[in-house]
Amino acid sequence: MRTRLTHLSFLAAISMVISTPTFAGLIYDGGTGAISFGVAPYGGAPNVGGPTYIADNVTGRNDILTSPGLGTLGGYLTASPVVANNIASFGGALPLAGSQNGGGNGSGSFGSGTATNAGSNVSFSLADSGPGGGSASYLISAANFTFTDVGADTPAGTSYGAYLAIAGLVPLVGNVDVASLRVHLSDTAGVFGAGGTDLPQLVLAISRNGAGAGIGNYDIVTIGGVAGGNAALILDDGVTGAFRALAVDNQTLAAPIPVGDILSISVALTGFTDPASFSSFDPTGSTDLLSLAGALPQDTLMGTSTTTPEPGTWALFGTGLVAIMLVRRRLGSRKEKTLL
């Protein structure tokens, strides 16, 4: 779903904030993660099916996006963000931080990227300077962490969910920006099933396929949640390639979370661009996006954080927030901690 807009303001930054569960008495136990930057081959036959993923050695799940799949104008190509294509990686106990400016591998040159996991928020930036075709700069941020419920039972009906919001620029024919967010939940009491559960995949992708004006020049993929009628969309200006996008998912607890329950959460965010740039942003004030994609998870308070690109970083266009949150329907004492 897409619509035209006329005015976008961009800063040279990109950010992602993660808001943690505020279920009754939930205490953050800590976690580990990794941030990787690299250059991946980008090509092959168009993928006219659904999104495709490869194995993540941090989460142990197939949650690293390789292609968003069939778009409005045809299938997207496939990237290969495997370990061998990483040019810089940072891993260990949370919090984490890392950056990469330039460099590359046999697939091509890397643009610029930064990522910081600083407790209550994660910020990152990603840009690719071209030339277009054949390779894409990518970023992967993944983590595993746990929470223990030491307070009262969290009742059935409590709201939780995820959303992904990005903004950027695809000014030239062949430019592409892609982002995905995958979340897996499990717990010792089995509230989320014997093997846990995956939240619905969130995928946003836009590529410019035509030189003229008009929204028909953009190949769009928007995948949002399935609960509560939530959806995903991209608003583009139809001329410059500037865009904002939002994918939303709301979930509701089917059973209470008991005291003593330990929640384990795995999160993977993938972004790649060729040659373009994009950012995350906080959509809470974007009434145009929210009226079309659906309300964010209820009783959610979000913070924002931005990165400052290093000197010489190729132009990044955008600012904002990518968020995944687990939230209570009623606000109580709030604890925030990074998921990625």
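None of the values given here were measured: they were computed from a predicted structure. (Residues numbered from 1 in each chain as written. Predicted model: local features only at pLDDT ≥ 70, side-chain atom pairs only at ≥ 80, totals over all residues. Heavy atoms only, no water.)

Visitor: Describe the overall build of the protein, and please don't skip the residues or the numbers.
Guide: When you go through the protein residue by residue, the secondary structure sums to one helix and 23 strands. Considering the protein as a whole, with its 340 residues, one finds that 55% of them fall into the buried category. When contacts within the protein are restricted to residue pairs at least 6 apart in sequence, those whose partners lie at least 24 apart make up 78%. For the protein, the exposed area adds up to about 11,600 Å²; of that, 56% sits on carbon and sulfur atoms. (Helix = DSSP H or I, 4+ residues; strand = E, 2+ residues; numbered from the N terminus. Buried < 20%, exposed > 50% of the residue type's maximum accessible area, 1.4 Å probe, protein only. Contact = heavy atoms within 4.5 Å. Areas by Shrake-Rupley, 256 points an atom, 1.4 Å probe, with all protein chains shown as cover.)

Visitor: Please provide a residue-by-residue account of the packing of aromatic side chains, values included.
Guide: For the coordinates displayed, the defined rule picks out five aromatic pairs. Note on Phe-37 and Phe-110: the rings are 6.0 Å apart at their centroids and 70 degrees apart in plane angle, and the pair reads as edge-to-face. Here Phe-37, found in strand E2 (residues 26-47), pairs with Phe-110, found in the loop between strand E10 (108-109) and strand E11 (112-117); they are 73 residues apart in sequence, far enough to count as distant. Of the residues examined, Phe-37 reaches a relative accessible area of 0% and is grouped as buried. Between Phe-145 and Phe-147 the ring centres are 5.7 Å apart and the planes differ by 85 degrees, which places this aromatic pair in the edge-to-face class. Take Phe-145: its relative accessible area is 2%, and that puts it in the buried class. A relative accessible area of 2% places Phe-147 in the buried class. (Phe/Tyr/Trp six-rings, centres within 6.5 Å; stacked < 30°, edge-to-face > 60°.)

Visitor: Tell me about the pattern of salt bridges, and please be specific about residues and values.
Guide: Overall, the coordinates contain two salt bridges when judged by the stated rule. Between Asp-198 and Arg-61 there is a salt bridge, with the nearest N and O atoms lying 3.6 Å from each other. Taken as a pair, Asp-198 in strand E16 (residues 197-198) and Arg-61 in the loop between strand E3 (52-55) and strand E4 (62-67) lie far apart in primary sequence, 137 residues in all. Here Asp-288 ties to Arg-244 by a salt bridge, and the two come within 2.6 Å at their closest N and O atoms. Note that Asp-288 is positioned in helix H1 (residues 287-293) and Arg-244 in strand E20 (residues 242-252), a separation of 44 residues in sequence. Residue Arg-244 is classed as buried on the basis of its relative accessible area, which comes to 14%. (Salt bridge = Lys/Arg side-chain N within 4 Å of Asp/Glu carboxyl O.)

Visitor: I'd like a rundown of unusual backbone geometry, residues and numbers included.
Guide: Omega for the bond connecting Leu-94 with Pro-95 falls within 30 degrees of zero, at 10 degrees, which places this linkage in the cis form. By the secondary structure assignment, Pro-95 is in the loop between strand E7 (86-93) and strand E8 (96-101).

Visitor: Can you break down the nonpolar core residue by residue, with the values?
Guide: Leu-164, Ile-166, Leu-204 and Phe-243 are the most contacted members of the largest nonpolar core, which has 44 residues in total. Of all hydrophobic cores here, the second largest spans 16 residues; its members include Ala-79, Tyr-138, Val-203 and Val-221. (Core = buried A, V, L, I, M, F, W, Y, C linked by side-chain atoms within 4.5 Å.)

Visitor: Now, about the environment of Ser-109: what can you tell me, with residues and values included?
Guide: Summarising the element assignment, Ser-109 is placed in strand E10. Residue classification places Ser-109 among the partly exposed residues on the basis of a relative accessible area of 46%. Each C-alpha atom, one on Ser-109 and one on Ala-136, is 8.6 Å from the other, the two residues being 27 residues apart in sequence. Excluding its chain neighbours within four sequence positions, the residues that come into contact with Ser-109 are Val-39, Gly-103, Gly-104, Asp-128 and Ser-137.

Visitor: Can you break down the environment of Thr-197 residue by residue, with the values?
Guide: Here Thr-197 shows up in strand E16. When the C-alpha atoms of Thr-197 and Ile-265 are compared, they prove to be 9.9 Å apart, with 68 residues separating the residues in sequence. Other than its neighbours up to four places away in sequence, Thr-197 contacts Val-183, His-184, Leu-185 and Phe-192.

Visitor: So what about the pairing of strand E15 (residues 176-187)? Which residues, and what values?
Guide: Most of E15 sits out of view: eleven of its twelve residues are buried. Pairing of E15 with strand E17 (residues 202-208), which is carried by six bridges, proceeds in the antiparallel orientation. Opposite Leu-181, over in E17, you have Leu-202 as the bridge partner. When E15 meets strand E21 (residues 262-274), the two strands line up antiparallel, connected through twelve bridges. When the sheet's bridge partners are listed, Val-176 is paired in E21 with Asp-274. As paired elements, E15 and E16 share two bridges and run antiparallel to each other. Across the sheet, Leu-185 pairs through a bridge with Thr-197, a residue of E16. (Pairing = 2+ DSSP bridges.)

Visitor: Which residues make up the confidence of the model for the protein, and what values go with them?
Guide: Of the residues in the protein, 75% have a pLDDT of 70 or more, and the chain-wide mean is 76. Considering only residues more than four positions removed or in separate chains, one finds that residues 1-21, a stretch of pLDDT under 50, has 118 contacts. (pLDDT = per-residue confidence, 0-100.)

Visitor: Tell me about the environment of Ala-189, and please be specific about residues and values.
Guide: Considering the arrangement of structural elements, one finds Ala-189 in the loop between E15 and E16. Using a relative accessible area of 46% as the deciding quantity, one classes Ala-189 as partly exposed. As for Ala-189 and Val-259, which are separated by 70 residues in sequence, their C-alpha atoms are 9.6 Å apart. In this view, Ala-189 contacts Pro-258 and Asp-261; residues no more than four positions away in its chain are not counted.

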